[in-house]
Amino acid sequence: MAIRIRTVGETRVALCAAETDERPGDVYLDDAAHYALAAKFRLDWKDQQLTGWPEYPVEWAAMETQKLRDAEATLTAWLDSQP
């Protein structure tokens, strides 16, 4: 999915592009760029024996304040409107 990198207050977050509107200062990453970052992240952590994913409460709270719409509901509504 395409994402926007945005600073909310002093917190840098990644947001679903479908759930947000562009704002000045956002960095837009298309699907390919997001995929490349995910692959890099996986490579960086492949040898780690993680017992679970870390939590990011500050980032997640900031992300929630930016969400304008639900991507899945938007997609479903669009698909339902197609002939």
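It should be emphasised that the depicted structure is a prediction, and the values quoted were computed from it without experimental measurement. (Residues numbered from 1 in each chain as written. Predicted model: local features only at pLDDT ≥ 70, side-chain atom pairs only at ≥ 80, totals over all residues. Heavy atoms only, no water.)

**Focus: the overall build of the protein**
A count of helical and extended segments in the protein gives three helices and three strands. Listing every helix and strand of the protein by position from the N terminus yields β-β-β-α-α-α. Once the C-alpha set of the protein is aligned to its principal axes, its extents read approximately 50 × 35 × 20 Å. Considering the protein as a whole, with its 83 residues, one finds that 20% of them fall into the buried category. (Helix = DSSP H or I, 4+ residues; strand = E, 2+ residues; numbered from the N terminus. Buried < 20%, exposed > 50% of the residue type's maximum accessible area, 1.4 Å probe, protein only.)

**A closer look at the pattern of salt bridges**
According to the stated counting rule, one finds five salt bridges in the structure shown. D21 serves as the salt-bridge partner of R69, at 2.6 Å between the closest nitrogen and oxygen. With a gap of 48 residues between them, R69 in the loop between helix 2 (57–66) and helix 3 (71–81) and D21 in the loop between strand 2 (11–16) and strand 3 (27–29) connect regions that are remote in the sequence. On the accessibility criterion, R69 (29% relative accessible area) is partly exposed. Take D21: its relative accessible area is 41%, and that puts it in the partly exposed class. (Salt bridge = Lys/Arg side-chain N within 4 Å of Asp/Glu carboxyl O.)

**Notes on the packing of aromatic side chains**
Throughout the structure, instances matching the rule amount to two aromatic pairs. Seen from their ring centres, F41 and W45 are 6.1 Å apart, and the 40° between their planes marks the pair as tilted. Of the two residues, F41 and W45 both sit in helix 1 (residues 31–45), four residues apart, roughly one turn of that helix. Owing to a relative accessible area of 38%, F41 belongs among the partly exposed residues under this scheme. (Phe/Tyr/Trp six-rings, centres within 6.5 Å; stacked < 30°, edge-to-face > 60°.)

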